[in-house]
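# A closer look at the structure
Next come the chains, spelled out residue by residue.
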Amino acid sequence: MIYYEVHCYSCKKKVYEGSLKYKQFKERKSRTFCCDDCGHKIRIEAIKNFFR
């Protein structure tokens, strides 16, 4: 049986076909996937660097 999966480009976590995150990834226009934890960390770092 074949399962499709997506990897987070930052931490390499897997998201499998059929989950809500996989569906959201397929609906987005950009083809890079970032999990919620990594997305939050990246956003906080960008805000910190903006105010320096």
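Residues numbered from 1 in each chain as written. Predicted model: local features only at pLDDT ≥ 70, side-chain atom pairs only at ≥ 80, totals over all residues. Heavy atoms only, no water.

The name given to the protein in an unreviewed UniProt entry is DUF2197 domain-containing protein, with the source organism recorded as Peribacillus castrilensis.

### Some words on the environment of tyrosine 3
Position of tyrosine 3 relative to the elements: it lies in the segment before β1 (5-7). A residue is classified by how much of its surface remains accessible, and tyrosine 3, at 57% relative accessible area, is exposed. (Helix = DSSP H or I, 4+ residues; strand = E, 2+ residues; numbered from the N terminus. Buried < 20%, exposed > 50% of the residue type's maximum accessible area, 1.4 Å probe, protein only.)

### A word on a positive patch on the surface
Where like charges cluster on the molecular surface, the positive patch consists of Lys26, Arg28, Lys29 and Arg31. Structurally, arginine 28 can be placed in the loop between α1 (20-27) and α2 (36-50). In this structure arginine 28 comes out as partly exposed when scored by relative accessible area, which is 34%. (Patch = residues over 30% accessible without salt bridge, like charges linked within 9 Å, V, L, I, M, F, W, Y side chains within 5 Å. Areas by Shrake-Rupley, 256 points an atom, 1.4 Å probe, with all protein chains shown as cover. Salt bridge = Lys/Arg side-chain N within 4 Å of Asp/Glu carboxyl O. Lys, Arg positive; Asp, Glu negative; His and termini not counted. Charge placed at Lys NZ, Arg CZ, Asp CG, Glu CD.)

### Overview of the confidence of the model for the protein
On average, residues of the protein carry a pLDDT of 87, and 98% of them reach 70 or more. Per-element mean pLDDT across the protein ranges from 86 in α1 up to 92 in α2. (pLDDT = per-residue confidence, 0-100.)

### What to know about the environment of histidine 7
Along the polypeptide, histidine 7 turns up in strand β1. Residue classification places histidine 7 among the partly exposed positions, given a relative accessible area of 39%. When the C-alpha positions of histidine 7 and aspartate 36 are compared, they lie 12 Å apart, and in sequence the two are 29 residues distant. With sequence-adjacent residues up to four places away left out, histidine 7 is seen in contact with Lys12, Lys13, Lys14 and Phe33. A polar contact is formed between the side chain of histidine 7 and the side chain of glutamate 5, at a distance of 3.2 Å. (Contact = heavy atoms within 4.5 Å. Polar contact = N/O pair within 3.5 Å; in protein donor to acceptor, adjacent residues only side chain to side chain.)

### Examining the pattern of salt bridges
Applying the stated criterion across every chain, the model contains 3 salt bridges. In this structure, the salt-bridge partner of aspartate 36 is lysine 21, at a minimum N-O distance of 2.4 Å. Of this pair, aspartate 36 sits in helix α2 while lysine 21 sits in helix α1, and the two are 15 residues apart along the sequence. Note that lysine 48 is salt-bridged to glutamate 45, the shortest N-O span being 3.9 Å. In this pair, lysine 48 and glutamate 45 are both assigned in helix α2, 3 residues apart and thus about one turn of the helix distant. For lysine 48, a relative accessible area of 45% puts it in the partly exposed group.

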